[in-house]
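One letter stands for each residue in the lines below.
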Amino acid sequence: MQKEAILLNGGYCNSLTEYSRFVTREVKIGDIPMGAHHPIRIQSMTTTDTMDTIGTVEQTIRMVESGCEYVRITAPSIKEAENLANIKKELRLRGYNVPLVADIHFTPNAAEVAARLIEKVRVNPGNYADKKKFENIDYTDIAYEAELERIYQKFAPLVKVCKEYGTAMRIGTNHGSLSDRIMSRYGDTPHGMVESAMEFIRMCESLNFYNLVISMKASNTQVMVQAYRLLVETMVKEGMNYPLHLGVTEAGDGEDGRIKSAVGIGTLLADGLGDTIRVSLTEDPEFEAPVAKALAKRFERKSGSQKSEVRSEEAISFQPSNLPSFQPFYNPFQYKRRDTVEMENFGGHQVPRVIINLERENLKDPAILNGVGFQYSALLDKYNLTDQACDLVYLGDQLPSFSFPGGLKQLYNYATWLGLTDQQNCHPLFDIADFLNAAVKDERLNFVKVKAEELSVEQLRNLHNVVLVLTTEKENAMQTIRLAFVKLLEAGIKIPVLIERNFGEINVEDFQLYSSTDLGGLLLDGFGDGVWLNANGIALETINSTSFGILQATRTRISKTEYISCPSCGRTLFDLQETTQAIRSRTSHLKGIKIGIMGCIVNGPGEMADADYGYVGAGIDKITLYRGQEVVKKNVKTADAIDELIGIIREDGNWIERE
């Protein structure tokens, strides 16, 4: 089989201005091929003990019926790898032919057993034949090459088994489990993640094995998105176009888990990248597939009906549009917020702001503000602000019959604003033509709405006391607004920008996923000084929490405790869902603190390297507690572990009592 000849002019995707799926080679996984023009495939991972054959089979069936096309099962040792045969046999007897994937960490011999039995194996370059002890090693080039040769000797037998049995392989890099060797040479960076995978890919190609899928997972969405983009650019330069498995590790549960997953996965799907996705929620695995399907479906519609299929032995030629001219103006591989002037509390060094639309609400009752973070006490006639109190409300042409909190800005349509007797804390909203022609303007702050696809930089030059509101009605909203930002960068215009998205009639989950994709992708590129979401029939509280959730997931504004919790698997040593909720119930008021909750050591200290504190399963009824990457207490009994965790937070002076 010959490797494809690929022609690409540069960059990591076909187009930054319109949706265009990046075409990858086809990889055969059982009866369900991936890549090329096949649909985006959905997968998840079992949480049962792999030695529990019937339990694993029944959970797998529930996952398949919820939409999973591939099911991954952990194989931490040879006995679990061997039992995959029994699981597969029972599934086939029950009429389920779903391809199975063995998840391998640390155990090459288990991988070689599994590769003979099922359709795909996943290996982690960080721990397959390497180690992680958080040691910094100064390698000479000769010593480094010797390490690569050692790894090749351990890895090559698995590749040969996969070739012989027609088994696919995922080379799955995890940000948190980069080896000491990679960390010592490349650092804890997206570049290090890419090189970790590329070393293994090159070994596979040297053995003429191309049935590969690649992933670059991280719990930090900025790192995750940058790593995938850099991977594609690196692969293209070396003549490769392997399919991509997308996922955000340890995304958490509920609204937070969905938003964080959509920010990372959705951003890359919007770039045209991704051939299979797994949404990692700290929930039962059958709840993951519907979320992944909702994300994939949005981009399947954008793809149109692509009937042709690209076989793995065919040559593919890519013709990207508009990409080279973008490259001087922002770096998609490294986060840098767009430089803007500061207008009151917008732009500059201010955190991105949240705007909520109240024009259709009952403005006779101050309790309406409860849903946007201002808790009104009728007894005291005062407002108590939460950590997710919005910064600005849009009232259109409505006039409230009660007094607003002093720190809450109000935005009115220009004609209504002109008629206000008291304009304190009130600002006008114009379209660009009205603003340019207006005789009277706000001396402090004016908001000017412009459709991104109609933006003219000439109209925006030399404007003062202005915040731009960028909106669009185009289907490819993220790309359309991104192009407008690039025009602003190219023209050197530093006006702060609020990003507005209108979703019309939409259900709650699609609203969360779509808004997280459209706004999250822009914020990860450093674009946006505020967010303004609109949707019919969605509660104000949901719109407000989603807005703050997107900012939290993109690491651009922290408003609450962040939980980096893994989705559980057969290696998990305690009930992750129950434990996560218990920790959340006692610590959710600790704004800005990041707590990692890991079921086992595989995704433990490494994957939560970004966390301030960690709670990791170390054995049956044994928990290890971390401060950052440092072990603080070992083998704590589960019944005492949360109290001990809170004690460590107290010792550091980071504990506050809940109001």
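Residues numbered from 1 in each chain as written. Predicted model: local features only at pLDDT ≥ 70, side-chain atom pairs only at ≥ 80, totals over all residues. Heavy atoms only, no water.

1. Digging into the pattern of salt bridges
Link 1 in the chain: According to the stated counting rule, one finds 45 salt bridges in the structure shown.
Link 2 in the chain: Across the pair arginine 202 and glutamate 195 runs a salt bridge, and its minimum N-O distance is 3.6 Å.
Link 3 in the chain: Classification of arginine 202 by relative accessible area gives partly exposed; the value is 30%.
Link 4 in the chain: For glutamate 195, a relative accessible area of 11% gives the class buried.
Link 5 in the chain: A salt bridge links lysine 633 to glutamate 644, with the nearest nitrogen and oxygen atoms 2.4 Å apart. Taken as a pair, lysine 633 in strand S23 (residues 630–636) and glutamate 644 in helix H17 (residues 638–651) lie far apart in primary sequence, 11 residues in all.
Link 6 in the chain: Residue glutamate 644 is classed as partly exposed on the basis of its relative accessible area of 28%.
Link 7 in the chain: Here the salt bridges do not stand alone but share partners, grouping Asp130, Glu147, Arg150, Arg181 and Glu199 into one network. (Salt bridge = Lys/Arg side-chain N within 4 Å of Asp/Glu carboxyl O. Buried < 20%, exposed > 50% of the residue type's maximum accessible area, 1.4 Å probe, protein only. Helix = DSSP H or I, 4+ residues; strand = E, 2+ residues; numbered from the N terminus.)

2. Focus: helix H1 (residues 53–65)
Link 1 in the chain: A rise of 1.5 Å per residue sets the reference length of H1, with its 13 residues, at 18 Å; its end C-alpha atoms lie 18 Å apart and thus fit the reference within 8%.
Link 2 in the chain: Those residues of H1 lying buried are Thr53, Gly55, Thr56, Val57, Gln59, Thr60, Ile61 and Met63.
Link 3 in the chain: Here the buried face of H1 lies against strand S1 (41–45), strand S2 (70–74) and helix H2 (78–93).
Link 4 in the chain: Positioned one or two residues after H1, glycine 67 has a phi angle of 125°, which is positive. (Expected span 1.5 Å × (residues − 1). Contact = heavy atoms within 4.5 Å.)

3. A look at the sheet that holds strand S15 (residues 446–451)
Link 1 in the chain: Read around the closed barrel, the eight strands follow the order S9-S12-S13-S14-S15-S16-S17-S18; overall the barrel is parallel. For this sheet the average axis-to-axis angle between neighbouring strands, irrespective of direction, equals 25°.
Link 2 in the chain: As paired strands, strand S16 (residues 466–471) and strand S17 (residues 497–505) are joined by three bridges and run parallel to one another. Looking at S17, one finds that valine 469 is bridged to leucine 498.
Link 3 in the chain: Sitting on the sheet, helix H15 (residues 540–553) touches strand S9 (353–357) and strand S18 (530–536), and the angle it makes with S9 is about 160°. (Pairing = 2+ DSSP bridges. Axes fitted to C-alpha atoms, helices over the stretch in contact; angles between N-to-C directions.)

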